[in-house]
Amino acid sequence: MLLKIVLSALRVTIAVVAVLVLLWWFGMRMPGKKVSKAGPLSPNEVLLREELRANVQKLAGEIGERNMRHYAQLNAAADFIEDSFSRAGLRPRRDSYEVQGQACHSIEAEISGNRPGIIVIGAHYDSVFGSPGANDNGTGMAATLALARRFASAKPKHTLRFVAFVNEEPPYFLSGEMGSLVYARRCKERRDKISAMISLETIGYFSDAPNSQTYPSPGLGVYYPKVGNFIGFVSNIHSRALLRLVIALFRKHAKVPSEGAALPAFIPGVSWSDQWSFWQQGYPAIMVTDTAPFRYPYYHSSNDTPDKLDYDRFTLVVSGMEKVIQDLDKL
């Protein structure tokens, strides 16, 4: 009897180890050489840092909480984003729909290319109820605006779309009224050939403190750092090829540590942003994130304010993503 119990436990252990090995090999083993710590800012990155700081301050410090309960502020954020695109020399377009009789607007700025394949870079601009949303997701929106400005006068080979999504937060999260899902469905209906979607989600908080990083599953802590000093790249299994490509390109230029994972979408956190909407329409999509609640102590709270962010490392992430987009466009 004891022998049967031991053999049964051994079989279970072997099966678990085999699953973890396969998960590491196919989903966690990422290409490129990682850096161990953040590097210094270049003069151009110092300018970028102040631009990002100003945009976060505008969204979270001046406008503040922006959602359907604070509809005037939600519209003020939309106006600011539209004006920012326009001042960069782009022609923004509102992708509008109604929620309970009120108009909601995702905002798109497109730079046309002459090759097939559209690259979408996007972030949501609404904040959760009760929060000014500096990191979630003033950082992602500030990054989207800064990147759009840097490509505004470019002549890309592929079409670049910079999109600000409305209504990502509850109660619209993962629902038919989520702004990015409305947008992605319309892209599918138009038969838009989106080759890559990059969701910038909560990317401004870093910590060098021991055990500052947690994970949705204890097993992931075996593979990944326990210090929250890195930027994460996350996708579902279907988008694994895009994830590996993007993180390899990021690591070619990056001056900030990075980690990547292509995991089943049911694992908590994997689907928690606008990339999910594009998966629903069959498009490859990834999320760039500081891992939000698994690191950020002010997540979804009234204390998610601009002063909590690490603007130097936030800047290095955005600078790295600029080079990723440049390299993706060359492919």
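Residues numbered from 1 in each chain as written. Predicted model: local features only at pLDDT ≥ 70, side-chain atom pairs only at ≥ 80, totals over all residues. Heavy atoms only, no water.

### Description of the overall build of the protein chain
Helix and strand counts for the protein chain stand at 9 helices and 8 strands. Taken against the 2.2 N^0.38 rule, which gives 20 Å for 331 residues, the C-alpha radius of gyration of the protein chain at 20 Å falls within 12% of a compact globule. The principal-axis extents of the C-alpha atoms in the protein chain amount to approximately 75 × 45 × 45 Å. Evaluated residue by residue, the protein chain yields a buried proportion of 56% over its 331 residues. Put simply, 78% of the contacts in the protein chain that link residues at least 6 apart link residues at least 24 apart. The protein chain carries 38 positive and 31 negative side-chain charges, and their two centres are separated by 10 Å. (Helix = DSSP H or I, 4+ residues; strand = E, 2+ residues; numbered from the N terminus. Rg over C-alpha atoms; globule rule 2.2 N^0.38 Å. Buried < 20%, exposed > 50% of the residue type's maximum accessible area, 1.4 Å probe, protein only. Contact = heavy atoms within 4.5 Å. Lys, Arg positive; Asp, Glu negative; His and termini not counted. Charge placed at Lys NZ, Arg CZ, Asp CG, Glu CD.)

### Focus on the environment of Leu245
Mapping Leu245 onto the fold places it in helix H7 (residues 240-253). What makes Leu245 partly exposed here is its relative accessible area of 31%. Along the chain, Leu245 and Met178 lie 67 residues apart, while their C-alpha atoms are 28 Å from each other.

### Overview of the environment of Ala54
By the secondary structure assignment, Ala54 is in helix H2 (residues 43-63). Note on Ala54: relative accessible area 45%, which makes it partly exposed.

### Focus on H7
In an α-helix, one turn spans 3.6 residues; hence positions three or four apart end up facing the same way. Here H7 is 14 residues long and its end C-alpha atoms lie 21 Å apart, about the 20 Å a rise of 1.5 Å per residue gives. Taken together, the buried positions of H7 are Leu242, Leu243, Arg244, Val246, Ile247, Leu249, Phe250 and Arg251. Tucked inside the fold, the buried residues of H7 contact strand E5 (194-201), strand E6 (231-235), strand E7 (258-262), strand E8 (285-289) and helix H9 (311-330). (Expected span 1.5 Å × (residues − 1).)

### Brief notes about the nonpolar core
Taken as a class, soluble globular proteins show a tendency for nonpolar side chains to be buried jointly. The biggest cluster of nonpolar side chains holds 72 residues, and the ones touching the most others in it are Phe233 and Met321. Contact partners of Phe233, with chain neighbours within four places excluded, come to Leu243, Val246, Ile247, Phe250, Ser258, Glu259, Gly260, Ala261, Ile286, Met287, Val288 and Met321. Core analysis: the next-biggest nonpolar cluster, separate from the first, contains 27 residues, Ile118, Tyr224, Trp279 and Tyr283 among them. (Core = buried A, V, L, I, M, F, W, Y, C linked by side-chain atoms within 4.5 Å.)

### A look at the pairing of E6
Among the 5 residues in E6, 5 count as buried, and that is most of the element. Covered by surrounding structure in E6 are Ile231, Phe233 and Ser235 together with Gly232 and Val234, the residues of both alternating faces. In terms of strand pairing, E6 meets E7 through 5 bridges, oriented parallel. Counterpart to Ser235 in the pairing with E7 is Ala262. For the handedness criterion, the β-α-β arrangement of E6, H7 and E7 is classed as right-handed. Pairing geometry for E6 and E8, over 3 bridges, is antiparallel. Bridged to Val234 within E8 is Met287. (Pairing = 2+ DSSP bridges. Right-handed = clockwise from strand over helix to strand, strands pointing away.)

### Some words on the sheet that holds strand E2 (residues 102-111)
Here 8 strands make up an open sheet; going across it, the order is E1-E2-E4-E3-E5-E8-E6-E7 and the pairing mixed. Unpaired on one side and paired on the other, strand E1 (93-99) and E7 mark the two borders of the sheet. Strand-to-strand twist across the sheet, computed as the mean angle between neighbouring axes with direction ignored, equals 20°. Pairing of E2 with strand E4 (residues 158-165) involves 5 bridges; the strand directions are antiparallel. Paired with Ile107 across the two strands is Ala164, which belongs to E4. The strands that helix H3 (residues 71-87) touches are E1, E2 and E4; relative to E2, the one it contacts most, it runs at about 15°. Sheet strands in contact with helix H5 (residues 179-189) are E1, E2, E4 and E5, and its direction is about 115° off that of E1. (Axes fitted to C-alpha atoms, helices over the stretch in contact; angles between N-to-C directions.)

### Thoughts on the pattern of salt bridges
Per the counting criterion, the structure on display carries 23 salt bridges. Here Asp327 makes a salt bridge to Lys330, at a shortest N to O gap of 3.8 Å. Placement of both Asp327 and Lys330 in helix H9 is noted, with a separation of 3 residues, approximately one turn of the helix. (Salt bridge = Lys/Arg side-chain N within 4 Å of Asp/Glu carboxyl O.)

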